[in-house]
Amino acid sequence: MTLRRQVTFWAVALAVVILALWLLGDIMLPFIAGLVLAYFLDPVADALERLGMPRLAATLFILISSIVVIVVLLLLLLPVLGDQIARFSSNLPGYVLALVKLFDELAPLWLKEMLASSGTNLPASLSDLAGKAAGWIGAILTSILSGSLALVNVLSLLVVTPIVAFYMLNDWDRMVEKVDGWLPREHLETIRALARQMDEAMAGFIRGQGTVCLLLGVFYAVALSFAGLNFGLLIGLGAGLLSFIPYVGSIVGGVLAIGMALIQFWPDWVSIIMIVAIFAFGQFVEGNFLSPNLVGNRIGLHPVWLMFALFAFGYFFGFVGLLLAVPLAAAAGVLVRFALQQYLKSSYYLGVPTRENPAGPNLAEPKRRGPSK
């Protein structure tokens, strides 16, 4: 089979997969969630196997333990989080007005005069923005809770996802071996090398960044709650979960926490500085210990490309796209780097070899001769 036919075959296969994801996006969430959960837990199952536990027993132990932990956390956190979300969205316009009032008290005169000369009515603008934001948050929550597929999605996540995760986790090694047997024999080692790179890149996000988000969310939620910040649990967990988008979790969580601290604690600078210190410490630990050890450079994507992938996949495939965005972008990055390496070795880049110059044109800068004596 020629290279052109192989490229055509795999391009068509990729197009079919993308079309299927787009058409079946509404029902794919529990299956994608089960696959991600199995991939996340596969190293744990492998470790239990090395300790002598059969794969089936290891899978049952991991899933039962995970389900118990998740159910307990949901029972403990859902009532509190639901109450905090409702109160925060309804009180958001008042909080923004309180911040505007605080700004009027503390802002220097030159800044107020500059805003006034530009024709900007800051209180009115922020109040209008806060009202729109509160309505937007309420609309999102209403659509999530009362949508026609909401109950089906919740039930499918609770029932289908554990079943999918069980079968995927139990059969993971056999599936990998089976797929390996389908690979074209001519390019077997090359495909295996690319697959290992993709696995490393996807593991860096799904396992590494997922663990970082979980640890940061727990730390922020516990620390902010103990510091006495209103909605500390909601802000902390939200900052941790949003950390899978580079810089977004720390910025959004920090702005919300510091703004709430100013409203709640002003003029108690000690409490306000404590909230700032919590986020500063969390970012220090993430940047110097968590991310280097759990993620490192395995994803291989620039933060701007990560954000673009999240927005693009989220736009086309919804929440399922958000789950798949970074792993698929990381896998695509491996393929793009491989294609670039092949291009740099090809005649398209080096030039077509000729009979006079079998190696192709010499692209190196010619050496300069010294002055003749």
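Data block above holds the structure.
A brief look at the structure comes next. (Residues numbered from 1 in each chain as written. Predicted model: local features only at pLDDT ≥ 70, side-chain atom pairs only at ≥ 80, totals over all residues. Heavy atoms only, no water.)

Regarding the packing of helix α8 (residues 188-226) against helix α9 (residues 232-241)
- Close contact between α8 and α9 brings their axes to 7 Å; oriented N to C, the two are set at 160°. Comparing their axes, α9 and α8 come out roughly antiparallel. Seen from above, α8 lies across α9 with right-handed handedness. Of the residues in α9, those touching α8 at C213, L216, G217, Y220, A221, L224 and S225 are G232, L233, I235, G236, L237, A239, G240 and L241.
- Looking at the contact of α8 with α9 residue by residue, the class counts come to ten nonpolar, five polar and no charged. (Axes fitted to C-alpha atoms, helices over the stretch in contact; angles between N-to-C directions. Helix = DSSP H or I, 4+ residues; strand = E, 2+ residues; numbered from the N terminus. Parallel < 35°, antiparallel > 145°, perpendicular 65-115°, else oblique. Left-handed = near helix turned anticlockwise from the far one by under 90°. Contact = heavy atoms within 4.5 Å. Nonpolar A, V, L, I, M, F, W, Y, C, P; charged D, E, K, R; others polar.)

Details of the nonpolar core
- Core analysis: the largest hydrophobic core is formed by 29 residues, its most contacted members being F88, L224, L229, F231, A257, I275 and I278.
- Listing elements by their share of this core, those giving two or more residues are α3 (55-106), α8, α9, α10 (248-265) and α11 (269-295).
- Residues contacting I275, with those up to four places away along its chain left out, are L224, A227, L229, A257, I258, A261 and F265.
- With 22 residues, the next largest nonpolar core counts L48, L169, A203 and F205 among its residues. (Core = buried A, V, L, I, M, F, W, Y, C linked by side-chain atoms within 4.5 Å. Buried < 20%, exposed > 50% of the residue type's maximum accessible area, 1.4 Å probe, protein only.)

Quick word on a nonpolar patch on the surface
- Residues I70, L74, L78, L158, V159, I163 and Y167 make up a contiguous nonpolar surface patch of about 690 Å² in total accessible area.
- Those elements giving two or more residues to the nonpolar patch turn out to be α3 and α6 (150-170).
- Within the secondary structure, L158 is located in helix α6. (Patch = residues over 30% accessible without salt bridge, like charges linked within 9 Å, V, L, I, M, F, W, Y side chains within 5 Å. Areas by Shrake-Rupley, 256 points an atom, 1.4 Å probe, with all protein chains shown as cover. Salt bridge = Lys/Arg side-chain N within 4 Å of Asp/Glu carboxyl O.)

With respect to the packing of aromatic side chains
- Using the criterion set out here, one finds eight aromatic pairs in the structure.
- When the ring of F219 is compared with that of F281, the centres are 5.7 Å apart and the planes differ by 50°; the resulting orientation is tilted. Taken together, the residues span a long stretch of sequence, with F219 in helix α8 and F281 in helix α11 at a distance of 62 residues.
- Assessed through its relative accessible area of 28%, F219 is described here as partly exposed.
- Taking the relative accessible area as the measure of exposure, F281 reaches 48% and is therefore partly exposed.
- Consider the rings of F284 and F289, whose centres lie 6.0 Å apart with planes at 70°: the pair is edge-to-face.
- F289 sits in the partly exposed class, given a relative accessible area of 45%.
- Through a chain of ring-to-ring contacts, the aromatic side chains of F219, Y220, F279 and F281 assemble into a single cluster. (Phe/Tyr/Trp six-rings, centres within 6.5 Å; stacked < 30°, edge-to-face > 60°.)

What about the packing of α3 against α9?
- Direction vectors running N to C along α3 and α9 enclose 100°, while the axes themselves pass 9 Å from each other. Accordingly, the angle class assigned to the pair α3 and α9 is roughly perpendicular. Mapping the contact onto sequence places L77, V80, L81, Q84, I85 and F88 in α3 and G232, L233, L234 and L237 in α9.
- For the contact of α3 with α9, a count of residues per class yields eight nonpolar, two polar and no charged.

A short note on the pattern of salt bridges
- What the rule picks out here adds up to seven salt bridges.
- Between D46 and R55 there is a salt bridge, with its nearest N and O atoms 2.7 Å apart.
- Given a relative accessible area of 10%, R55 falls into the buried group.
- Between D83 and R87 there is a salt bridge, with the nearest N and O atoms lying 3.0 Å from each other. Here the residue D83 and the residue R87 both occupy positions in helix α3, the gap between them amounting to four residues, near one helical turn.
- D83 gets classed as partly exposed once you look at its relative accessible area, which sits at 40%.
- For R87, a relative accessible area of 38% gives the class partly exposed.
- It is possible to trace a salt-bridge network through shared partners that takes in D42, D46, E49 and R55.

Some details on α8
- Its 39 residues place the ends of α8 55 Å apart at the C-alpha level, agreeing with the 57 Å of an ideal helix rising 1.5 Å per residue.
- The largest bend in α8 amounts to roughly 30° and is located at A203.
- Phi turns positive, to about 85°, at G228, one or two residues after α8. (Expected span 1.5 Å × (residues − 1). Bend = angle between axes of the 7 residues up to and from the residue.)

A look at α10
- Taking 1.5 Å per residue as the helical rise, α10 with its 18 residues ought to reach 26 Å, and the 25 Å between its terminal C-alpha atoms agrees with that figure.
- Here α10 has its buried residues at G249, G253, G254, A257, G259, M260, A261 and F265.
- Structurally, α10 contributes buried residues whose contacts are with α3, α8, α9 and α11.

Structural notes on the environment of M168
- As for its placement among the helices and strands, M168 is situated in helix α6.
- Residue M168 is classed as partly exposed on the basis of its relative accessible area of 21%.
- Sequence-distant contacts of M168, defined by excluding residues within four places in its chain, comprise L35, A38 and M175.

A look at unusual backbone geometry
- Phi at F231 takes a positive value of approximately 60°, unusual for a residue other than glycine.
- A residue is classified by how much of its surface remains accessible, and F231, at 3% relative accessible area, is buried.

Remarks on the side chain of Q84
- As for its position among the elements, Q84 is in helix α3.
- Filtering out sequence-adjacent residues up to four positions away, Q84 remains in contact with F231, G232, L233 and L234.

Note that every value here comes from positions in space, so none of it alone points to a role or purpose.
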